[in-house]
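# Results of the structural survey
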Amino acid sequence: MYWRTTDDGACVPRPENFCRNRLLESLKPRLASNGVIARPEDQQADDTRADVGLWVQLDRTAFRLPLEAKCEDEARVWTAWSDQLEGYARDRQAQDFGIYLVFWFGLNPRPHPNTRQKPTSAQEMREML
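Criteria and thresholds
Residues numbered from 1 in each chain as written. Predicted model: local features only at pLDDT ≥ 70, side-chain atom pairs only at ≥ 80, totals over all residues. Heavy atoms only, no water. Buried < 20%, exposed > 50% of the residue type's maximum accessible area, 1.4 Å probe, protein only. Helix = DSSP H or I, 4+ residues; strand = E, 2+ residues; numbered from the N terminus. Pairing = 2+ DSSP bridges. Right-handed = clockwise from strand over helix to strand, strands pointing away. Expected span 1.5 Å × (residues − 1). Bend = angle between axes of the 7 residues up to and from the residue. Contact = heavy atoms within 4.5 Å.

## Side note on the pairing of strand β5 (residues 61-71)
- The buried fraction of β5 amounts to 9 of the 11 residues, a majority that puts the element mostly inside the structure.
- Relative to β5, strand β4 (residues 49-58) is paired through 7 bridges, and the arrangement is antiparallel. Its bridge partner lying in β5, W55 is registered against R64.
- Hairpin geometry of β4 and β5 is characterised by an intervening segment of 2 residues between the two adjacent antiparallel strands and by a positive phi of about 50 degrees at D59.
- Note that β5 and strand β6 (residues 99-103) share 5 bridges and pair parallel. Directly across from E68, in β6, lies its bridge partner Y100.
- What joins β5 to β6 is helix α2 (residues 80-89), and the crossover it makes is right-handed.

Right, here's the structure in full:
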């Protein structure tokens, strides 16, 4: 569901927002059964948006867990965890927590800006991040 076939028959990854939406469709039943509400394009206090806001109710306390997603080949894949997610996590309702998700397809990962090396696996990308 994260891939599409082009007119010439090549199989290519779908864009980030499409992948995010399919992932949420898959996870929503499990999240909902645990009392978690998932909102795509969740509005933040500073007039920005997280890719997903996970709203969690624990006892009498509610908090939001922001999720920022990028595909392996996106220009900001190496920096979005700090220039986007960290800001969302500073929100009072996030309590300094957040999730950074990278969709790994293994086709054309963006080279690391410092080493200019491309990760060769999802695990290597995780370690480089």
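## Let's talk about helix α1 (residues 16-33)
- Its 18 residues give α1 an end-to-end C-alpha distance of 26 Å, which sits within 8% of 26 Å, the value for a rise of 1.5 Å per residue.
- The axis of α1 is deflected most strongly, by about 45 degrees, at L27, and proline P29 appears within four residues downstream.
- Buried residues of α1: E16, C19, R20, R22, L24 and L31, and no others.
- Looking at the buried residues of α1, the elements they touch are β3 (36-43), β4, β5 and β6.

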